[in-house]
Amino acid sequence: MTNPLYKRNIISISELNRSELELVLRTAKRLKEEPNHTLLANRVVASLFFEASTRTRLSFETAIQRLGGSVIGFADANNTSMAKKGETLADSIRIISNFADAIVMRHPRDGAARLATEYSKVPVINAGDGSNQHPSQTLLDLFTIYETQKVCDNLKIAFVGDLKYGRTVHSLAQALSLFNAEMFFVAPDALAMPDYMLEELYNKNIRYSMHKNLESLIPQLDILYMTRVQKERFEESEYHSIASQYVLYPEMFTKAKPNLKILHPLPRVDEIDLEMDNTPYAYYFQQAENGVYAREALLSLVLNEEV
Amino acid sequence: MAKMQVEAITNGSVIDHIPAGQGINILKHFKMLDTQRTGAKITVGFNLPSKTLGFKDLIKVENKQLNQDQVNQLAILAPGVTVNIIEDSRVVMKYRPEIPEHISNVYKCPNSNCISNFEHVSTTFYVLRRATGLKLKCKYCEKTFDKDVVGQTLNSR
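Residues numbered from 1 in each chain as written. Chains lettered and ligands numbered in written order. Predicted model: local features only at pLDDT ≥ 70, side-chain atom pairs only at ≥ 80, totals over all residues. Heavy atoms only, no water.

Chemist: So what exactly am I meant to see when it comes to the overall build of chain B here?
Modeler: Along the backbone of chain B there are four helices and nine strands. Start at the N end of chain B and walk to the C end: the helices and strands fall as β-α-α-β-β-α-β-β-β-β-β-β-α. At 16 Å, chain B has a C-alpha radius of gyration in line with the 15 Å of a compact globule built from 157 residues. Buried positions account for 44% of the 157 residues belonging to chain B. Long-range pairs, those at least 24 residues apart, make up 59% of the contacts in chain B between residues at least 6 apart in sequence. Of the accessible surface of chain B, which amounts to about 8700 Å², a share of 48% is contributed by carbon and sulfur atoms. Within chain B, the 14 negative side-chain charges are centred at a point lying 3 Å from the centre of the 21 positive side-chain charges. (Helix = DSSP H or I, 4+ residues; strand = E, 2+ residues; numbered from the N terminus. Rg over C-alpha atoms; globule rule 2.2 N^0.38 Å. Buried < 20%, exposed > 50% of the residue type's maximum accessible area, 1.4 Å probe, protein only. Contact = heavy atoms within 4.5 Å. Areas by Shrake-Rupley, 256 points an atom, 1.4 Å probe, with all protein chains shown as cover. Lys, Arg positive; Asp, Glu negative; His and termini not counted. Charge placed at Lys NZ, Arg CZ, Asp CG, Glu CD.)

Here's what the structure looks like:
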């Protein structure tokens, strides 16, 4: 039977239903346990990074090569015809989709990946479009949750830090809403979860609550999803007072459940004390490694009728 | 009978019960201001007395019959309008806007970083009915806006 992601564009996490998400998770688990070097044999994948994103690009390109495929593309758009000669994105995609079997693209403008699907002959996988969507990040987050908790259902998860601008938080909350998670949002007022996201969760009957203090929540959590408060969003003095409220130290975790894992989309700056890295709760580096398996799963499902 | 303030037409469409001030936006919406190029004959009345609205705007377009889809596009700007289709000086059809599922190629996306503001593409907004009123969600950047915020982009075209 043809897998439901075959030849699909992967633009927004909200377009994947629960069984499709589970298919990606199962496939990622299998590819992590039993590496397969032929799923992308003789396939060419275009890796188009119109803005730099080292971790995402290397993770995708590793995934392509580990599955036996080859990569064409660029790591930043400055040296391309788009930048040098003013070619439109639409024309660029028209041309490149003649060369490759799939396109992985990162772009600084919101909605660029959706636009690309209208001009591409081959499936487009969104590797981040401005502040909009980054579905492969959500899939690797979800895969890491599944790997550490053995299930995705009925988990208690706290999102901490910048919940206003963090697209990874919004997308993961949307995905977990299909698995009946209970969500705790811990953020300063200026970086609170946007109302439209809360409305969406409310409409799906998801239990959520807002908090200022993280420590008292920790004993009941299965997952703590940490994010970075970005310096450029605040005045210098305001930044220090806000950022210092949301830092993880080992002493905060004396009453944590043994299965608790801390995730972080990285890069980390000061918000997770380096001492945390040696605790059993730290899982953010394994999470980054899982990016390769989640992307292997996505690419192999999009490019193969059966996996 | 009161003297007609706007001359009757023989064939075409009459857009009536437009809230005063919105007439100009409807002209922009239907790209009706470019009359030199299109040759369209259009009669407009602004700020006319109205029993139901107090004051209203009115637009008469000769030799052009709007259809239900086009009228539906007005659900965002002026949901209470009526559109009469005139043939041989008689009203042969009457339309009221129904809220459409999407609106294409009328408004700009208010998100300044949306790709639709950089590439030559038609915009499309999905219409969402929310407890707080009608919202429009951009097909490209997936951001959701209050209908009035999107409606204002007509003025920047």
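Resuming the write-up.
Chemist: What should I look at first to understand the sheet that holds strand β2 (residues 42–50) of chain B in this one?
Modeler: One key point about sheets: their strands pair by backbone hydrogen bonds, in either a parallel or an antiparallel sense. All names here are of chain B. Ordered in space as β2-β3-β1-β4-β5, the five strands form an open sheet in which the pairing is antiparallel. Either end of the sheet is taken by a strand with one partner, and the two such strands are β2 and β5 (90–95). Within this sheet the neighbouring strands show an average axis-to-axis angle of 20°, counted without direction. Sheet topology note: the β2/strand β3 (residues 54–62) ladder contains seven bridges and is antiparallel. Across the sheet, Gly45 pairs through a bridge with Leu58, a residue of β3. (Pairing = 2+ DSSP bridges. Axes fitted to C-alpha atoms, helices over the stretch in contact; angles between N-to-C directions.)

Chemist: Where do I start with the sheet that holds strand β5 (residues 156–160) of chain A in this structure?
Modeler: All names here are of chain A. Spatially, five strands are ordered β7-β6-β5-β8-β9 in an open sheet, and the strand pairing comes out parallel. Looking at which strands have only one partner, the edges of the open sheet turn out to be β7 (208–211) and β9 (261–263). Going across the sheet, the axis of each strand differs from the next one's by a mean of 20°, ignoring polarity. Pairing geometry for strand β6 (residues 182–186) and β7, over four bridges, is parallel. Of the residues in β7, the one forming a bridge with Val186 is His211. Each of β5, β6 and β8 (223–226) touches helix α7 (residues 167–176); the most contacted strand, β5, lies at about 165° to it. Those strands touched by helix α8 (residues 195–203) are β6 and β7, and its axis lies near 145° from that of β7.

Chemist: So what exactly am I meant to see when it comes to the packing of helix α6 (residues 135–149) of chain A against α7 of chain A here?
Modeler: Packed helix pairs are specified by the crossing angle of their axes together with the interaxial distance, meaning the distance between the axes. All names here are of chain A. Interaxial distance between α6 and α7 falls to 9 Å at its minimum, and their mutual angle equals 55°. For the element pair α6 / α7, the angle class is oblique. Considering how the two elements wind past one another, α6 and α7 form a crossing that is right-handed. Of the residues in α7, those touching α6 at Gln137, Thr138, Asp141, Leu142 and Ile145 are Thr168, Ser171, Leu172, Ala175 and Leu176. Grouping the amino acids of the contact of α6 with α7 by side-chain chemistry returns five nonpolar, four polar and one charged. (Parallel < 35°, antiparallel > 145°, perpendicular 65-115°, else oblique. Left-handed = near helix turned anticlockwise from the far one by under 90°. Nonpolar A, V, L, I, M, F, W, Y, C, P; charged D, E, K, R; others polar.)

Chemist: What exactly am I supposed to notice about helix α2 (residues 54–66) of chain A here?
Modeler: Residue pairs spaced three or four apart in an α-helix point in one direction, given the helix's 3.6 residues per turn. Residue and element names in this part refer to chain A. The end-to-end C-alpha distance of α2 is 18 Å, a good match for the 18 Å that 13 residues give at a rise of 1.5 Å each. What α2 keeps buried is the set Thr56, Arg57, Ser59, Phe60, Glu61, Ala63 and Ile64. Elements that come into contact with the buried residues of α2 comprise β1 (44–49), β2 (70–74), β3 (102–107), β4 (124–129), α6 and α10 (284–303). Count one or two residues on from α2 and you reach Gly68, which has phi positive near 90°. (Expected span 1.5 Å × (residues − 1).)

Chemist: Help me out: how do you make sense of the side chain of Asn111 of chain B in this one?
Modeler: One can find Asn111 of chain B in the loop between β6 (102–104) and β7 (124–130). A distance of 2.9 Å separates the side chain of Asn111 of chain B from the backbone nitrogen of Asn113 of chain B, its partner in a polar contact. Among all residues touching Asn111 of chain B, those that are not within four sequence positions of it are Asp110 of chain A together with Asn117, Cys141, Lys143 and Phe145 of chain B. (Polar contact = N/O pair within 3.5 Å; in protein donor to acceptor, adjacent residues only side chain to side chain.)

Chemist: Looking at this structure, how should I read the packing of aromatic side chains?
Modeler: Each pair of aromatic rings is reported with the distance of its centres and the angle of its planes. With the rule as written, the count across this model stands at six aromatic pairs over all chains. Ring plane angle 50° and centroid distance 5.8 Å describe the contact between Phe159 of chain A and Tyr225 of chain A, whose orientation is recorded as tilted. With Phe159 of chain A in strand β5 and Tyr225 of chain A in strand β8, the pair connects residues that are 66 residues apart, well separated along the chain. Classification of Phe159 of chain A as buried rests on a relative accessible area of 0%. Assessed through its relative accessible area of 0%, Tyr225 of chain A is described here as buried. In this structure an aromatic cluster arises from ring pairing among Phe159, Phe185, Tyr208 and Tyr225 of chain A. Lying over the aromatic face of Phe118 of chain B, Arg109 of chain A brings its terminal NZ or CZ to 3.5 Å of the ring centre. (Phe/Tyr/Trp six-rings, centres within 6.5 Å; stacked < 30°, edge-to-face > 60°. Lys NZ or Arg CZ within 6 Å of the ring centre and 35° of its normal.)

The values are spatial; any link to function lies outside them.
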